[in-house]
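# Notes for the structure review
Chain by chain, the residues run as shown.
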Amino acid sequence: MKRKNFIVLFWVSLAVSMFFFFVFTEEKNLENFLYTLLISFIYSFVLGGGNGLLNSFLNKKVPWSEATTKRAVISIISIIVANFVLVYFCNYVNFVLIQKAATTEEFFLGKYNFLNWFTINIALLISAFLHARSFMEELKKTSRKEVVEQKLIAKSANAQFESLKNQLDPHFLFNSLNVLSSLIDENPRQAQKFTASMSKIYRYVLEQKDKELVTVEDEIEFAKTYCELLKTRFEDSVDFTFDVAKEDYQKYVVPLALQLLLENCIKHNFATSSKPLIIRIFSDGNMLCIENNLQVREQIKESSGIGLANIVQRYSLITERNVFIEKSEDHFKVKLPMLVAKPQVSISKPEDDSAAYQRAQKRVKEIKSFYMNLISYCTVSAFLIFINLFTSSRNHWFWFPVLGWGIGVASHAFQVFGVGESWQEKKIREIMNKQKK
């Protein structure tokens, strides 16, 4: 038991014992006060401590946040059983062992049935309050945690996406300048033509690099322009073929993916007029493929690995579909997913977080209202039973309001804990997930 709970139970026991001592005890002496204090400590620590330990145990084994409906059912059953046992134990110790007001047979044969029943209702009232308080605290904590986690995930994804996009600008410029440097010595006129073409291509790079996705049509047109640039340098040593279906032109791919892959083809393979490098760009189902014959050149400098890794990571941030890489003895192929929809990668907006938190608050209010209803039911039922049995022990009219209100409480529980509506929410989530995919 935590120190804080122990102190609370101690002060509750002391307050209750003083109340009973000064209100109900005729002979006010130290012996009677200690006697009242002992009984008060027994009830407070057995009932309060027992329910507290039960609540802590259930929090560890069946947390509210993981299985709300299951936990609610287990809590209701466990607190009823536990409080029956604890109340009978306390009353037995009090009336049979301490006060010796009855024998064991008299206690269990019905002499203290009313007192047991009344005490059980009070214990259930306290237990319902403890479990409701525990649930509301955990739900608030979970809702805040989920909002914070979603913010961190969105910010992390956006930061990672921006970092990956920022690699494209210097990467393209560095490789293009290397090509231009080679052409200046080999063919100055071609270098001039290359410079003019590079300015047009670099303008496209600047326009598209800040976008999450571009149409296949835009990417193909850019790739064709870039291939012309490569032809300027390699002439007959490189051959390009485009075979992309027209119906795929309005689908989406990550920007500059083809340019990075074309660079990889040139970088990692040798190309000559006698053994040209053949690069083919085509569509295969929902995949945009780029394939080249394998003519691996010896690498003097270790590859930085920016190109292909960049593409794979950017796709992983916006879709669950994978980039496929296939390598055989004589061919190398990369397959890029073509997306029909255009998902967004951005930091979650404050209004989205606010809406999520408001939904969590609404949920807390719904369950809080149920537990307030349950606490009121236990309190009023115990009071009605006491009044009925105190005024007329033969006519048990308390059953009618207790049962009637009990049906209402059960119906409220079904509504709040999703027994009647969970299938609708589940179906809605399934449909939304299908639409996203």
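To be clear, the structure that these remarks concern was listed above.
First, a word on what this report is: a plain description of the structure on this page. (Residues numbered from 1 in each chain as written. Predicted model: local features only at pLDDT ≥ 70, side-chain atom pairs only at ≥ 80, totals over all residues. Heavy atoms only, no water.)

### Some remarks on the pairing of strand β7 (residues 331–337)
- For β7, the tally of buried residues reaches five of seven residues, placing the bulk of the element in the interior.
- Inspection of the sheet shows strand β6 (residues 324–327) paired to β7 by four bridges, in the antiparallel sense. Within β7, the residue paired with Glu326 across the bridge is Lys333.
- Between β6 and β7, which pair antiparallel in sequence order, lie three residues. (Buried < 20%, exposed > 50% of the residue type's maximum accessible area, 1.4 Å probe, protein only. Helix = DSSP H or I, 4+ residues; strand = E, 2+ residues; numbered from the N terminus. Pairing = 2+ DSSP bridges.)

### With respect to the pattern of salt bridges
- If you walk through the whole model with that rule in mind, you get six salt bridges.
- Note that Asp284 and Lys335 form a salt bridge whose closest N and O atoms lie 4.0 Å from each other. With a gap of 51 residues between them, Asp284 in strand β4 (residues 277–284) and Lys335 in strand β7 connect regions that are remote in the sequence.
- Classification of Asp284 by relative accessible area gives partly exposed; the value is 38%.
- Residue classification places Lys335 among the buried positions, given a relative accessible area of 15%. (Salt bridge = Lys/Arg side-chain N within 4 Å of Asp/Glu carboxyl O.)

### Observations regarding the environment of Asn116
- Within the fold, Asn116 resides in helix α5 (residues 113–166).
- A residue is classified by how much of its surface remains accessible, and Asn116, at 0% relative accessible area, is buried.
- For Asn116 and Tyr88, which are 28 residues apart along the polypeptide, the C-alpha to C-alpha distance reads 6.6 Å.
- Among residues more than four places away in sequence, those in contact with Asn116 are Val87, Tyr88, Asn91 and Phe107. (Contact = heavy atoms within 4.5 Å.)

### Details of unusual backbone geometry
- In the Ramachandran plot, Lys100 falls in the positive-phi region, its phi being about 55 degrees despite a non-glycine side chain.
- In this fold, Lys100 is placed in the loop between α3 (68–98) and α4 (104–111).
- One non-glycine residue, Leu256, adopts positive backbone phi at about 65 degrees.
- By the secondary structure assignment, Leu256 is in the loop between β3 (252–253) and α9 (257–268).

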